[in-house]
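Reading the structure
Given next are the chains, with one letter for each unit.
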Amino acid sequence: MQINVQTRIKELLNFKQEEVIQALSKLNKNFGKLRSPVLRNLFANRVTIADACKISGCSTADFMECMKQIGFSVDEEQGNNEQLFQTVSTIKEPNNYLELDVRPILTQDKDPLKEILASIKMLDESQGLKLINTFEPLPLIHLLADRGFTHRVEFVDDNTVITYFNKTASSIKEIIPFPADELTVDDGQLDSLLATIAPDKIKYLDVRQLEMPKPMLSILAETSDLSVGDALFVYHKKIPVYLLPELEKQGLKYLFKSISPGNVNMLIYKS
């Protein structure tokens, strides 16, 4: 099988799942998360080799060399290309784009999701959304893909990534079924529930220092193993709104407690 930086991780796994996971786990421990069925189902079909290398901090050259060792054939013209300037999923360009630059919001350490969703709801049938960001918004891309949006990504420079979103006939306006500003719980519910869970049933995870989208990936890597009575206590900078629909798909519940600006406790549990 011949591969290049645009090859989806799912294609590698379909061909040699166990060998690929073993080889990549040795290359970079972050790839060990592919053992989680939840993460494989969520990301592998949409994430390319270039995306995976970017998320894990691994070079594409090392990734490709690793795949060569287990029998894959590499397209040399693309396989060693460290700069992927454009990622494309099939997209029919709209007549015009509504532009939203969320970099000023990010510099304030705030989540721009509310502004993004508001912009998406404003789109008419002939419009798309031009989102200007500092990184490729993979969680948002995956969320909107599930709602029928196609996308195109341009990497302009180290501080500018432009993602173009386009609605399809199956797109729906209600992207997330709950408003982000109604989720914070700061009335003792989290502490009360935490007190009823046996200490050996609680895992702790601190994702406050991780860059997007690593917090979401790290959390999902842990939640796939939760059984009834188990809980995951997460130290986060903010309420991870993109993550919540995925937790609900797993049948998990969650509570939040706002400690201070940039410091949110999250309890994920199965009952």
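These lines cover the structure that appears in this document, whether it is placed above or below. (Residues numbered from 1 in each chain as written. Predicted model: local features only at pLDDT ≥ 70, side-chain atom pairs only at ≥ 80, totals over all residues. Heavy atoms only, no water.)

Within strand β5 (residues 127-133), 6 of the 7 residues are buried, which leaves the element mostly enclosed by the surrounding structure. Taken together, the 6 bridges between strand β4 (residues 96-101) and β5 define a ladder with parallel strand orientation. When the bridges of β5 are listed, Leu 98 appears paired with Leu 129. As paired elements, β5 and strand β7 (residues 160-166) share 6 bridges and run antiparallel to each other. The residue of β7 that forms the bridge with Asn 133 is Val 161. (Buried < 20%, exposed > 50% of the residue type's maximum accessible area, 1.4 Å probe, protein only. Helix = DSSP H or I, 4+ residues; strand = E, 2+ residues; numbered from the N terminus. Pairing = 2+ DSSP bridges.)

A separate point is helix α10 (residues 214-223). Residues lying three or four places apart along an α-helix face the same way, a consequence of the helix completing one turn every 3.6 residues. With 8 of 10 residues buried, α10 lies mostly within the body of the structure. Of the positions making up α10, those classed as buried are Pro 215, Met 216, Leu 217, Ser 218, Ile 219, Leu 220, Ala 221 and Thr 223.

Okay, the side chain of Thr 48 next. Mapped onto the secondary structure, Thr 48 falls in the loop between α2 (37-44) and α3 (49-56). Excluding anything up to four places from it in sequence, Thr 48 contacts Val 5, Gln 6, Thr 7, Arg 8 and Ile 9. (Contact = heavy atoms within 4.5 Å.)

Attention now moves to empty space enclosed by the protein. Tallied over the entire structure, the rule returns 2 cavities of 30 Å³ or more. As for the largest cavity, its lining consists of 15 residues, of which Asn 30, Phe 31, Leu 34, Ile 55 and Leu 217 are closest to the centre. By residue class, the composition of the lining of the largest cavity is 11 nonpolar, 2 polar and 2 charged. Estimated volume of the second largest cavity: approximately 190 Å³. If you trace the second largest cavity, you find 21 residues lining it, with Asp 111, Pro 139, Met 212, Lys 238 and Tyr 242 closest to the centre. Counting residues per element, the ones that place at least two in the lining of the second largest cavity are β5, α8 (138-146) and α10. (1 Å grid on protein atoms, 1.4 Å probe; cavity = no way out; pocket = protein on both sides within 12 Å on 5 of 7 lines; lining within 4 Å. Points joined across faces, edges and corners; volume = space filled by probe spheres on them. Nonpolar A, V, L, I, M, F, W, Y, C, P; charged D, E, K, R; others polar.)

Moving on, we come to the packing of α3 against helix α4 (residues 60-69). Packing of α3 against α4 brings their axes to within 9 Å, and their N-to-C directions diverge by 120°. By the angle class used here, α3 and α4 are oblique. Viewed along their axes, α3 and α4 form a crossing whose handedness is right-handed. For the pair formed by α3 and α4, the contact residues are Ile 49, Ala 50 and Cys 53 on the first element and Thr 60, Phe 63 and Met 64 on the second. (Axes fitted to C-alpha atoms, helices over the stretch in contact; angles between N-to-C directions. Parallel < 35°, antiparallel > 145°, perpendicular 65-115°, else oblique. Left-handed = near helix turned anticlockwise from the far one by under 90°.)

Read across the sheet, 4 strands follow the order β8-β9-β11-β10 without closing on themselves; strand pairing throughout is mixed. Sheet topology places β8 (202-206) and β10 (253-260) at the edges, where each strand pairs with a single neighbour. Averaged over all pairs of adjacent strands, the angle between their axes in this sheet comes to 15°, without regard to strand direction. As judged from the 5 bridges shared by β8 and strand β9 (residues 231-236), these two strands associate in the parallel manner. Following the sheet pairing, Ile 202 is matched in β9 by Ala 231. The strands that α10 touches are β8, β9 and β11 (263-269); relative to β9, the one it contacts most, it runs at about 170°.

Among all positions of α4, only Thr 60, Phe 63, Met 64, Cys 66 and Met 67 are buried. End-on, the buried residues of α4 take up no more than an arc of 155°, which puts them together on one face. Looking one or two residues past α4, Gly 71 carries a phi angle of roughly 105°, positive in sign. (Arc of directions from axis to C-beta.)

Glancing now at the pattern of salt bridges. Tallying each qualifying case throughout the model produces 9 salt bridges. The residue Lys 201 makes a salt bridge to Asp 230 at a minimum N-O spacing of 3.9 Å. Of the two residues, Lys 201 is situated in the loop between α9 (189-195) and β8 and Asp 230 in the loop between α10 and β9; the sequence distance between them amounts to 29 residues. Residue Asp 230 is classed as buried on the basis of its relative accessible area of 14%. Its salt-bridge partner being Glu 222, residue Lys 203 comes within 3.5 Å of it at the nearest N-O pair. On the criterion of sequence distance, the pair formed by Lys 203 in strand β8 and Glu 222 in helix α10 is long-range, its members being 19 residues apart. (Salt bridge = Lys/Arg side-chain N within 4 Å of Asp/Glu carboxyl O.)

So, about the packing of aromatic side chains. To describe a pair of aromatic rings, you give the distance between the ring centres and the angle between the ring planes. Tallied over the full model, the rule gives 6 aromatic pairs. When the ring of Tyr 204 is compared with that of Phe 233, the centres are 5.4 Å apart and the planes differ by 45°; the resulting orientation is tilted. Residue Tyr 204 is located in strand β8, and its partner Phe 233 is located in strand β9; the two are separated by 29 residues in the primary sequence. Judged by its relative accessible area of 5%, Phe 233 falls in the buried class. Following the ring pairs from residue to residue traces out a cluster consisting of Tyr 204, Phe 233 and Tyr 235. If you follow Lys 16 out to its NZ or CZ, it ends over the ring of Phe 72, 5.8 Å from the centre. We note Arg 152 situated over the ring of Tyr 164; from NZ or CZ to the ring centre the distance is 4.1 Å. (Phe/Tyr/Trp six-rings, centres within 6.5 Å; stacked < 30°, edge-to-face > 60°. Lys NZ or Arg CZ within 6 Å of the ring centre and 35° of its normal.)

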